[in-house]
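# An overview of the molecular structure
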Amino acid sequence: MQEASQLWDSGYTPILPLGIDLPDGSHITCDEVVRAMPGRRYVCRGKWGERDVFIKLFMQEARATREWQNEQRGIGKLEEKAIAAPKLLLSTSLTQPAAHVLVYAALEQVQSSRERWESEDDEGRHQLLEELVDLLATHHAAGLRQQDLHMRNFLYSGSILYTLDAADIEINPGELNKQASVENLAALFALLRPEYDQWLAEFYARYCQHRGWQVDPHDEAKLLVEVRRQRRYKQNKFLDKVFRHCTAFVANKTWRRFHVYDRHEDKALFRELVSNPDILPVTAHRSILKAGNTCTVTSVRIGQQQLVCKRYNIKNIWHGLGRAFRPSRASRSWRSAHRLLMHGIATAKPLALIENRFGPLRGTAWFIMQAVEGPSAHEFFREPSVSQAEQFSIASQFAEMLIIMRREQISHGDMKATNFMISDGRLVVLDLDALRQHRNKSCFEYAFRRDLRRFFQNWGDLPEVAEQFREVFSAAGLQADLPAE
C-alpha cells in the first residue's frame, strides 16, 4: 500500500490500494483511480469503512483548492434545485496526504451517457438525447451551466440521469439567457458526429418547450452554426492533444528525441520497444513486410500483441535536409489515424509515434499501429468465394467512408486497393502518409476526384466490380465526383 504522503509524486498511476486516515478516526481506502490529473486531483473508487464511495482528492494549491470549493458550491446548488446528483457525504482537509477531500456515496449499476450512446442504435440514441436535452433545459432554467460539457458528466444509475463534475458548473443569479443557453446546447450536439445534426431542429423545439420559448427559425440556424463552430474547435483541440502528455497519452520530448504513445500501452515491453524500435525486447519477434528506400515496414509480435511498425528512413543528407523542417510522415500518419477514428472511419489503431530529432530538426521516425488481419480490397474483390452480398456490403462501406471524407474535406492521397483491408467484414483504411484535410474547397474537390480516379484504376481488369462501385457510389450521392467511364 502506498504511503499517503507520496500521493502527489505518483503521476498518472498511484500505487493502489491507497489508505487515508480521516480526522474523525475513520479510514478510507482508494482501490481504483477513475480519473487522474497529477498535480491537481484524483478521482477514486473505494470504501469508507464498509460503504462503497467515490473519493475526490484535491491538491492543496490555489487552482485545485478553488476546484474543491467550486465542487461544493455546485453540488449544493444541484441539491437545492432538486437536480439528481451523487450525495456528498464528507468534505474535509488533510495533512497526510496534504489534500482537500470530498467523499460521495457510490451510485449502483452505473453507466455514463457516453457508454449508453455507444451501445445503442439510433432509436436508443434519440431517447438518450431527449433525456439529456430535458436535463440541460432544467439546468439552464435553474441558472446553471456546465462549462466543460461532455457526456461522461452525465451518469445513469438505473433509470435516473445524474449530473457529475459540479466543479465546472457556473452558477448564475437567474435563468440563463438565450445566447448562453444556445451556446451550451450547441456544446452537447458538438460532441456528436455531423449525421445527427438532422435531429437539431426537433431537439431545439423540445428545449424551447421546456423553457417556455417560442421557436425562432433564426435561432435554429444560429444553433447549427454554433454546433459546427464548437465541433471544429473540439476536433482541433483533440488533434493537438494527441502530441501531448495527458490522461490519454504518454509523451516525452528531449533535444534528441520525441515520442508519444497510447497510455493503455504503458507497459514494460512496449516502453522498451518505444525506447529503441529497431532493437526488439528479447521476447519479441519481427518479420519484414516491406523494405523500401524511404519506408521499412515490419510486423512485430510483442507479448500477445501483433503490431506493425513503419520506419520512415532518411536516404541521404539532401533527403534529410528536405525532411528536417517539416512534420515527419510518421507524425502525419499518427495525426491522420486519430482524425479518421474521430470521424468514425475505421483504421489501424495508432499506438506510438517516435522521432529522432536534433532540436527542432526531424530525422528518422517510426509509426507503430495495431496489426489488422484480413485480405486487402485488391484480394477480396478477386476472391471467387466472396459472395455478391459481401461485395455489396464492402462497396457500401466505401461509399459511407467517401461521404464522410467529402463532408470533412479529407483526401486520402493514395487509394490503391492494397491500402484498404477487409477485417471481419469491416473496411479498414491504411497508409495515411498522404491523407490531408483541406481548408480550401477547390483544392479538396481536385484531390477528392483524383482519389476516385485512382480508386477506379484498381478495377481495370474487373469491369463488373467497377460497375458495382459506380452504382453504389451514385446511389449514395457521389455521382458528380465519379470519373468518366
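Above this text you will find the structure in question.
Report follows, based on the coordinates. (Residues numbered from 1 in each chain as written. Predicted model: local features only at pLDDT ≥ 70, side-chain atom pairs only at ≥ 80, totals over all residues. Heavy atoms only, no water.)

For the rest of this paragraph, the subject is the overall build of the protein chain. Of regular secondary structure, the protein chain possesses 13 helices and 22 strands. Here the C-alpha coordinates of the protein chain stretch approximately 75 × 60 × 45 Å along the principal axes. Sorting the 485 residues of the protein chain into buried and exposed places 50% on the buried side. Counted over contacts in the protein chain with a minimum sequence separation of 6, partners at least 24 positions apart contribute 59%. On the protein chain, roughly 24,200 Å² of surface is accessible, and the fraction owed to carbon and sulfur atoms is 49%. Between the mean site of the 65 positive side-chain charges and the mean site of the 61 negative ones, the protein chain shows a separation of 9 Å. (Helix = DSSP H or I, 4+ residues; strand = E, 2+ residues; numbered from the N terminus. Buried < 20%, exposed > 50% of the residue type's maximum accessible area, 1.4 Å probe, protein only. Contact = heavy atoms within 4.5 Å. Areas by Shrake-Rupley, 256 points an atom, 1.4 Å probe, with all protein chains shown as cover. Lys, Arg positive; Asp, Glu negative; His and termini not counted. Charge placed at Lys NZ, Arg CZ, Asp CG, Glu CD.)

Let us look at the sheet that holds strand β5 (residues 88-95). Spatial ordering of the open sheet is given by β1-β2-β3-β4-β6-β5, a layout of 6 strands whose pairing is antiparallel. The sheet terminates laterally at β1 (18-21) and β5, the two strands that pair on one side only. The mean angle between the axes of side-by-side strands here comes to 30°, regardless of whether they run parallel or antiparallel. Bridge analysis of β5 against strand β6 (residues 98-105) gives 7 bridges, and the strand direction is antiparallel. Bridging across to β6, S93 finds its partner in H100. Its contacts with the sheet put helix α1 (residues 62-80) on β3 (41-48), β4 (51-59), β5 and β6, and the angle it makes with β6 is roughly 25°. (Pairing = 2+ DSSP bridges. Axes fitted to C-alpha atoms, helices over the stretch in contact; angles between N-to-C directions.)

With that settled, consider the side chain of Q409. Note on placement: Q409 falls in the loop between α11 (388-408) and β19 (410-411). Residue classification places Q409 among the buried positions, given a relative accessible area of 18%. Each residue touching Q409, except ones within four places of it in the same chain, is listed here: R436, Q437, H438, R439, N440, K441 and F444.

What follows covers helix α3 (residues 122-141). When the terminal C-alpha atoms of α3 are compared, their 28 Å separation across 20 residues agrees well with the 28 Å that a helix rising 1.5 Å per residue should span. The buried fraction of α3 amounts to 14 of the 20 residues, a majority that puts the element mostly inside the structure. At the C-terminal side of α3, G143 shows a positive phi close to 80°. (Expected span 1.5 Å × (residues − 1).)

Turning to the pairing of strand β13 (residues 257-262), a few remarks are in order. The buried fraction of β13 is high, at 6 of 6 residues. Relative to β13, strand β12 (residues 249-253) is paired through 5 bridges, and the arrangement is antiparallel. Its bridge partner being in β13, F249 is matched across the sheet by D262. Counting the residues between successive antiparallel strands, the hairpin from β12 to β13 contains 3 residues. Relative to strand β17 (residues 350-358), β13 runs antiparallel, the two sharing 5 bridges. Each residue of the ladder has a partner; that of Y261, found in β17, is A352.

Considering all chains together, one arrives at 23 aromatic pairs under this definition. Centroid distance W255 to F358: 5.7 Å. Interplanar angle 75°. Geometry classified as edge-to-face. Linking W255 in the loop between β12 and β13 with F358 in strand β17, this pair joins segments that are 103 residues apart in sequence. What makes W255 exposed here is its relative accessible area of 53%. Following the ring pairs from residue to residue traces out a cluster consisting of F380, F381, F398, F420, F455, F456, W459, F469 and F473. The side chain of K178 reaches across the aromatic face of W213, ending 5.1 Å from its centre. One Lys or Arg, R470, reaches over the ring of F456 and ends 4.9 Å from the middle of that ring. (Phe/Tyr/Trp six-rings, centres within 6.5 Å; stacked < 30°, edge-to-face > 60°. Lys NZ or Arg CZ within 6 Å of the ring centre and 35° of its normal.)

Okay, the sheet that holds strand β15 (residues 295-302) next. An order of β12-β13-β17-β18-β16-β15-β14 is seen for the 7 strands of this open sheet, with the pairing classed as antiparallel. The open sheet has two free edges, formed respectively by β12 and β14 (285-291), since each of these has just one partner strand. Within this sheet the neighbouring strands show an average axis-to-axis angle of 15°, counted without direction. Note that strand β16 (residues 305-312) and strand β18 (residues 361-370) share 6 bridges and pair antiparallel. Note that in β18 the partner of Y312 across the bridge is A365.

Attention now moves to the pattern of salt bridges. Throughout the structure, instances matching the rule amount to 30 salt bridges. Across the salt bridge formed by K47 and D52, the nearest N and O atoms sit 2.6 Å from each other. The class of D52 is partly exposed, set by a relative accessible area of 45%. With its nearest N and O atoms 3.5 Å apart, the salt bridge here joins D481 to R449. Here D481 is found in the segment after α13 (463-475), whereas its partner R449 is found in helix α12 (residues 441-457), with 32 residues between them in sequence. Relative accessible area serves as the criterion here: at 34%, R449 is assigned to the partly exposed category. One network of salt bridges, with partners in common, ties together R40, R41, R63 and E67. (Salt bridge = Lys/Arg side-chain N within 4 Å of Asp/Glu carboxyl O.)

Judged by side-chain charge, E120, D121, D122 and E123 come together as a negatively charged surface patch. Examined against the element boundaries, E123 turns out to sit in helix α3. Here E123 falls in the exposed class, since its relative accessible area comes to 66%. (Patch = residues over 30% accessible without salt bridge, like charges linked within 9 Å, V, L, I, M, F, W, Y side chains within 5 Å.)

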